[in-house]
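Results of the structural survey
Spelled out, the chains give:
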Amino acid sequence: MTVTFEVRDGVGTIQLDRPPMNALDVAIQDRLRELAEEATRREDVRAVILYGGEKVFAAGADIKEMQAMDHTAMVLRSKDLQDAFTAVARIPKPVVAAVTGYALGGGCELALCADFRIAADNAKLGQPEILLGLIPGAGGTQRLARLIGPSRAKDLIFTGRMVKAEEALTLGLVDRVVPAAEVYEQAHGWAAQLAKGPALALRAAKESIDAGLETDIDTGLTIERNWFSGLFATEDRERGMRSFVEEGPGKATFL
């Protein structure tokens, strides 16, 4: 398999497994979509890790495969490419990317689909498509600009330069930098903590933030209000408030 999926302690790990560089060919793209949909459906999966292994996250698309495609072929393929990454971005559960080594091109775009990014101190990220006479095509022009702002996104996309982990942290491209040997366990710790939380409230928070970023403030507030009031119909809300009143804050357990 080019991508594997394992579940431990409520955390599902989607791991790329195409040595040596985890080049994102069509088979991996399609498999990512399948696993994102599986992670969405499965009730035993309450948080997700995106991981490429100890040495590399993903060094980009399979350039040889892409070189063989003409305009017509890419017109037909490009929506499937975007849909695969969008399926990952829309997993309605907390998603963390554990980034080791290179996360370039499609690899960087895959990391952008996560809610949180933990990078190894040896990680290098970037969108080098411009050096091929192209632009990012799996969401990079949109997600990167929303994450770090348009000017910084244009710098990375226009130049195609790679940034090391510390600069990526300064830019806001990653959220935490740790020693390479600790990346996966730290990602699992973050995900496992959230996996114990109220699943519907976490889904509501994620969808409110993500949908709100795509619209005006008034519409965003309506989205938030609808989710907020809707959570009053959930058992998790009852558990959380009852625990707060009887035991104090932060002691509730959720199913």
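Going by the structure above, here's the rest.
Figured I'd write up the structure that's included with this text. No experiment lies behind these values; they were computed from the predicted model shown. (Residues numbered from 1 in each chain as written. Predicted model: local features only at pLDDT ≥ 70, side-chain atom pairs only at ≥ 80, totals over all residues. Heavy atoms only, no water.)

**Brief notes about helix H11 (residues 235-247)**
Taking 1.5 Å as the rise per residue, H11 with 13 residues should run 18 Å; its terminal C-alpha atoms sit 17 Å apart, in good agreement. Gly-248 sits one or two positions beyond H11 and adopts a positive phi of about 100°. (Helix = DSSP H or I, 4+ residues; strand = E, 2+ residues; numbered from the N terminus. Expected span 1.5 Å × (residues − 1).)

**Regarding the sheet that holds strand E3 (residues 47-51)**
If you trace the six strands from one edge of the open sheet to the other, you get E1-E2-E3-E4-E6-E9, paired in mixed fashion. The open sheet has two free edges, formed respectively by strand E1 (3-8) and strand E9 (176-178), since each of these has just one partner strand. If you compare each strand with its neighbour and ignore which way they point, the axes differ by 20° on average. Across six bridges, E1 lies against strand E2 (residues 11-16) in antiparallel orientation. Bridge pairing in E2 links Val-7 to Gly-12. Against the sheet, helix H8 (residues 183-195) touches E1, E2, E3, strand E4 (95-99), strand E6 (116-120) and E9, its axis set at about 175° to E4. (Pairing = 2+ DSSP bridges. Axes fitted to C-alpha atoms, helices over the stretch in contact; angles between N-to-C directions. Contact = heavy atoms within 4.5 Å.)

**Things to note about the sheet that holds strand E8 (residues 162-164)**
One key point about sheets: their strands pair by backbone hydrogen bonds, in either a parallel or an antiparallel sense. Taking strand neighbours across the sheet as the criterion, the three strands line up as E5-E7-E8 in an open arrangement whose pairing is mixed. With one partner strand each, in any of the chains shown, strand E5 (102-104) and E8 form the two edges of the open sheet. Between one strand axis and the next, the sheet turns by 20° as a mean value, whatever way the strands run. Pairing of strand E7 (residues 124-126) with E8 involves three bridges; the strand directions are antiparallel.

**Here's the deal with the side chain of Arg-46**
Along the chain, Arg-46 falls in the loop between helix H1 (26-41) and E3. Although Arg-46 is buried, it forms no salt bridge, and the closest oppositely charged side chain is Asp-236 at an N-O distance of 5.3 Å. A polar side-chain atom of Arg-46 sits 2.6 Å from the main-chain carbonyl oxygen of Ala-195. Polar contacts involving the side chain of Arg-46 include one to the main-chain carbonyl oxygen of Leu-255, which spans 2.9 Å. (Buried < 20%, exposed > 50% of the residue type's maximum accessible area, 1.4 Å probe, protein only. Lys, Arg positive; Asp, Glu negative; His and termini not counted. Salt bridge = Lys/Arg side-chain N within 4 Å of Asp/Glu carboxyl O. Polar contact = N/O pair within 3.5 Å; in protein donor to acceptor, adjacent residues only side chain to side chain.)

**Topic: the pairing of E4**
The element E4 is extensively covered by neighbouring structure, given that five of its five residues are classed as buried. Of the two faces of E4, the one lined by Val-95, Ala-97 and Val-99 and the one lined by Val-96 and Ala-98 are each fully buried. For E3 and E4, the ladder comprises four bridges, and the chain directions are parallel. By the bridge assignment for E4, Leu-50 is matched with Ala-97. Examined bridge by bridge, E4 and E6 share four bridges and lie parallel to one another. When the bridges of E6 are listed, Ala-97 appears paired with Arg-117.

**Section: the nonpolar core**
Nonpolar side chains in soluble globular proteins tend to end up buried together. In terms of nonpolar packing, the biggest core is built from 47 residues, with Leu-50, Phe-57, Leu-125 and Leu-173 touching the most fellow members. Here the element with the most residues in this core is helix H3 (residues 71-89); it accounts for six residues. The contacts of Leu-173, once residues within four sequence positions are left out, are Cys-108, Leu-112, Arg-117, Leu-125, Leu-144, Leu-147, Ile-148, Leu-156, Val-163 and Ala-168. Among the nonpolar cores identified, the runner-up in size contains 17 residues, and Ile-49, Phe-116, Tyr-184 and Ala-195 belong to it. (Core = buried A, V, L, I, M, F, W, Y, C linked by side-chain atoms within 4.5 Å.)

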